[in-house]
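An overview of the molecular structure
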Amino acid sequence: MKNSKPINYELEKNMEVISQLDDLVGDAVDNILVDPETCWQPSDFLPEFGNPDIHDEIKLLQKRAEGIPDTVLTSLVGNMITEEALPSYQTYFNLLEGINEERSLVSPSGWVRWSKAWTAEENRHGDLLNKYLYMTGRVDMKAVEITIHRLLTNGFDPKSESDPYQAMIYTSFQERATKVSHVNTGKLADKAGDPVLARICKTIAGDEARHEKAYKSFMSKIFEIDPNGAILAFEKMMKKQIVMPAVLMGEGGPNPSIYTRFSEITQKVGIYTGWDYAKIIDHLVNLWKIESLTGLNDAASKAQIYLSKLADRYMRVADRMKAPEEVQLAWLK
Ligand SMILES: [Fe+2]
Ligand SMILES: [Fe+2]
C-alpha cells in the first residue's frame with residue numbers, strides 16, 4: 001500500500017483561496033511595486049568613485065557619520081544584516097503551499113511574479129546600507145560579513161508552517177515592523193547630524209510601507225473570502241509570536257547571543273520596542289475589523305475574543321518591560 005500523508009483539508013482550502021487571489025497579486029506587482037528603470041537605486045545615495053573629488057566626498061560622509069551613537073550604529077548594522085538575508089525570504093515565499101505550484105521561477109502567475117519583484121526591491125535595502133556602513137569606516141566589515149554568512153547558512157523560520165494564510169499575516173506584520181524600525185533609525189540619524197543617512201532610512205521605510213500595504217490588502221481579501229480561516233491563521237501566528245527574520249544570526253557560531261544583543265539595543269534606543277509590537281497588533285486588529293466580524297464558527301469566535309484583547313495585553317507587558325541598563329555593542333571597530 002502507498003504510504004501517503006493524510007490530507008490536510010484546511011491547507012487545501014487555504015491553497016484554493018490563495019489561487020483566487022492571483023490576479024489581485026499580479027495587479028499589485030504592476031501598481032504597488034516599482035519598475036526597475038524608474039525605481040531608486042543604491043547609487044543614488046552614494047558617492048561616485050569616478051569623481052575627481054571622491055576623497056573629499058568620503059571624508060564628508062565620514063564626518064557626518066561621526067556623531068551617530070554606537071548603539072544606533074549597531075542597530076543599523078543589525079537591520080542591514082536582516083535585509084541581506086534576502087535569499088532566505090524568496091526561498092521561503094516560494095515554498096508556501098499554493099504560491100508556486102508549477103515549481104518555476106519564470107511562471108507568469110501573479111504570486112510568483114510578486115515573490116521576485118518584492119524581493120528584488122528588498123535587495124536594494126541591504127545593498128545600500130551595506131555600502132553606506134562600509135564607507136563610514138566605523139564598522140568591522142569582516143565581522144558583519146561573517147554574521148550575514150552565518151544567517152544565510154542557518155536560514156529563516158517564521159513559524160508560519162507552509163500555510164499561505166499565516167505567511168500573509170507574518171509578512172503584513174513584519175513589513176510594518178521593518179518600516180517602523182527604519183523610520184525610527186532615520187529620526188535618530190537626523191538627530192545625530194547625518195541627514196543623508198536619515199534620507200536613506202526614510203527612503204527604505206517608504207518601500208516597506210508599500211510592501212506592507214500590499215500584504216495587508218492580500219490578507220484583507222482572504223478575510224473577505226474566508227473570515228473563519230483568516231481569523232484562525234491570525235490567532236495561530238500571534239500565539240506563536242512574530243519571530244524576527246534575523247533571529248538565527250548567531251546560532252552555531254562563537255557568538256550565539258548576538259541576536260539578543262542586537263534586539264536589546266533596538267529596544268533601548270527606541271528603534272523597535274515592545275510598544276511597537278503591541279501597536280502593530282492593535283493596528284492589524286483594527287484594520288481587519290476583528291472585533292466586529294459576525295457569523296463566525298466556534299473556533300473563530302474564540303480566536304476573535306483572544307485577538308480583541310491581545311494588543312492591550314502586550315501593552316501591559318511593554319509597560320512593565322524595562323530597557324536593559326547595559327547593552328553590549330557588536331560589529332563596530
Ligand atoms: Fe527591506
Ligand atoms: Fe519590505
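Details of the structure are given in the entry above.
Residues numbered from 1 in each chain as written. Chains lettered and ligands numbered in written order. Predicted model: local features only at pLDDT ≥ 70, side-chain atom pairs only at ≥ 80, totals over all residues. Heavy atoms only, no water.

Around the iron ion (ligand 2), the protein contributes the donor atoms Glu122 (OE), Glu175 (OE), Glu175 (OE), Glu208 (OE) and His211 (ND1), at 1.7 to 2.7 Å from the metal centre. In this model, the iron ion (ligand 2) sits 3.9 Å from the iron ion (ligand 1), the two metals being bridged by Glu122. Of this pair, Glu122 sits in helix H6 (residues 110-136) while His211 sits in helix H9 (residues 195-225), and the two are 89 residues apart along the sequence. Take Glu122 and His211: they sit in the same class, and that class is buried. (Donors = N, O, S within 2.8 Å, 3.2 Å for Na, K, Ca; no water. Helix = DSSP H or I, 4+ residues; strand = E, 2+ residues; numbered from the N terminus. Buried < 20%, exposed > 50% of the residue type's maximum accessible area, 1.4 Å probe, protein only.)

Turning our eyes to something else, we now look at the coordination of the iron ion (ligand 1). Each pair of donors in an ideal four-coordinate tetrahedral metal site encloses 109.5 degrees, whereas pairs in an ideal six-coordinate octahedral site enclose 90 or 180 degrees. Bound to the iron ion (ligand 1) on the protein side are Glu83 (OE), Glu83 (OE), Glu122 (OE), His125 (ND1) and Glu208 (OE), at distances that span 2.0 to 2.3 Å. One chain supplies every donor for the iron ion (ligand 1), spaced along it as E-x38-E-x2-H-x82-E.

Empty space within the largest pocket amounts to approximately 580 Å³. Looking at the largest pocket, it is lined by 29 residues, and the ones nearest its centre are Met244, Tyr259, Ser263, Tyr272 and Tyr277. Elements that contribute at least two residues to the lining of the largest pocket include exactly helix H4 (70-84), helix H8 (164-191), helix H11 (258-269), helix H12 (274-287) and helix H13 (298-320). (1 Å grid on protein atoms, 1.4 Å probe; cavity = no way out; pocket = protein on both sides within 12 Å on 5 of 7 lines; lining within 4 Å. Points joined across faces, edges and corners; volume = space filled by probe spheres on them.)

A few words now on empty space enclosed by the protein. All chains considered together, the criterion is met by one cavity of 30 Å³ or more. Counted as a void, the largest cavity has a volume near 210 Å³. Taken together, 14 residues form the lining of the largest cavity, with Tyr89, Trp118, Gln174, Glu175 and Pro245 sitting closest to its centre. Elements represented by at least two residues in the lining of the largest cavity include exactly H4, helix H5 (86-95), H6 and H8. Ranked by residue count, the leading element in the lining of the largest cavity is H8, at five residues. For the lining of the largest cavity, the per-class residue count stands at six nonpolar, four polar and four charged. (Nonpolar A, V, L, I, M, F, W, Y, C, P; charged D, E, K, R; others polar.)

Among the nonpolar cores identified, the biggest contains 101 residues, and Trp114, Met168, Phe218, Phe234 and Met238 are the most heavily contacted of them. At 12 residues, H9 tops the list of elements feeding residues into this core. Beyond its immediate chain neighbours, meaning those up to four positions away, Phe218 contacts Leu21, Leu24, Val25, Ala28, Trp111, Trp114 and Met168. (Core = buried A, V, L, I, M, F, W, Y, C linked by side-chain atoms within 4.5 Å. Contact = heavy atoms within 4.5 Å.)

The full count for this structure, using the stated rule, is 18 aromatic pairs. Each ring, one from Tyr92 and one from Phe156, has its centre 5.2 Å from the other, and the planes form 80°; the classification is edge-to-face. Of this pair, Tyr92 sits in helix H5 while Phe156 sits in the loop between helix H7 (141-154) and H8, and the two are 64 residues apart along the sequence. Comparing Tyr92 with Phe156, the two get one shared label, buried. (Phe/Tyr/Trp six-rings, centres within 6.5 Å; stacked < 30°, edge-to-face > 60°.)

Those residues of H5 that fall on the buried side of the exposure criterion are Leu86, Ser88, Tyr89, Tyr92, Phe93 and Asn94. Next to the buried residues of H5 lie H4, H6, H7, H8 and H9.

Here we take up unusual backbone geometry. The phi torsion at Lys159 lies on the positive side, around 65°, for a residue other than glycine. By the secondary structure assignment, Lys159 is in the loop between H7 and H8. Its relative accessible area of 37% is what places Lys159 among the partly exposed residues. Positive phi is not limited to glycine here, since Lys289 has a value of about 45°. Overall, Lys289 belongs to the exposed group, its relative accessible area being 55%.

Moving on, we come to the packing of H5 against H6. Running from amino to carboxyl end, H5 crosses H6 at an angle of 170°, the nearest separation of the two axes being 10 Å. Taken together, the axes of H5 and H6 are roughly antiparallel relative to one another. For the pair H5 and H6, the crossing hand works out as right-handed. Residues Leu86, Tyr89, Gln90, Phe93 and Asn94 of H5 lie in contact with H6, whose contacting residues are Trp111, Val112, Trp114, Ser115, Lys116, Trp118, Thr119, Glu122 and Asn123. Split into classes, the residues belonging to the contact of H5 with H6 amount to seven nonpolar, five polar and two charged. (Axes fitted to C-alpha atoms, helices over the stretch in contact; angles between N-to-C directions. Parallel < 35°, antiparallel > 145°, perpendicular 65-115°, else oblique. Left-handed = near helix turned anticlockwise from the far one by under 90°.)

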